[in-house]
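Structure at a glance
Residue strings, one per chain:
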Amino acid sequence: MELALNVYKGREIEKTYRTDTYDLMFGTVEDIIGLLDDINLDMSTNKDYENLFRIVTGSLDTIKPFLKDIFEGLTDEELRRTRVKEIIPVLIEVFKYSLSEIGGLNTGKK
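Residues numbered from 1 in each chain as written. Predicted model: local features only at pLDDT ≥ 70, side-chain atom pairs only at ≥ 80, totals over all residues. Heavy atoms only, no water.

Remarks on the pattern of salt bridges
On inspection of all chains with the given rule, the structure shows four salt bridges. The partner of E78 in a salt bridge is K15, with the nearest N and O atoms 3.4 Å apart. You can see E78 sitting in helix α4 (residues 76-80) and its partner K15 sitting in strand β2 (residues 12-19), a full 63 residues away along the chain. Note on E78: relative accessible area 11%, which makes it buried. (Salt bridge = Lys/Arg side-chain N within 4 Å of Asp/Glu carboxyl O. Helix = DSSP H or I, 4+ residues; strand = E, 2+ residues; numbered from the N terminus. Buried < 20%, exposed > 50% of the residue type's maximum accessible area, 1.4 Å probe, protein only.)

As for the nonpolar core
Residues L67, F71, L74 and L91 are the most contacted members of the largest nonpolar core, which totals 16 residues. Those elements giving two or more residues to this core turn out to be β1 (3-9), α3 (60-70) and α5 (84-107). The biggest single contributor to this core is α5, with five residues. With sequence-adjacent residues up to four places away left out, L67 is seen in contact with L74, L79, I87, V90 and L91. (Core = buried A, V, L, I, M, F, W, Y, C linked by side-chain atoms within 4.5 Å. Contact = heavy atoms within 4.5 Å.)

Observations concerning the pairing of β1
For β1, the tally of buried residues reaches five of seven residues, placing the bulk of the element in the interior. As judged from the seven bridges shared by β1 and β2, these two strands associate in the antiparallel manner. Within β2, the residue paired with A4 across the bridge is R18. Turn length for the β1-β2 hairpin, with the two strands adjacent in sequence and antiparallel, is two residues, and the turn residue G10 shows positive phi of about 70°. (Pairing = 2+ DSSP bridges.)

A short note on the packing of aromatic side chains
We describe a pair of aromatic rings using the distance from one ring centre to the other and the angle between the two ring planes. Within the structure shown, the criterion is met by zero aromatic pairs. Here the guanidinium or amino end of R83 rests over the ring plane of Y8, the centre of that ring lying 3.8 Å away. (Phe/Tyr/Trp six-rings, centres within 6.5 Å; stacked < 30°, edge-to-face > 60°. Lys NZ or Arg CZ within 6 Å of the ring centre and 35° of its normal.)

In structure tokens form, the structure reads like this:
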């Protein structure tokens, strides 16, 4: 799973953080489940993107440290200079990965 997050200086990309691996910790999975509680996400519809946007904006205290954990070296100031529309796809990929990991736990697959 490759993830990337751009940091902007004005309208120009100043820096891009990339990671191709992210090992989920159990506590992170708990946090993700808490964020997704009672929400059915099917990313094929715009409505679900709106739901995810609502989750993101209502859960900044959880998401900020989460993103800083994913992208080693990312600072609070840099995070302030990222675009929400670029954060959401990162979170979607991590959520999908989390759900597949949880599913793998149930079936014995990894």
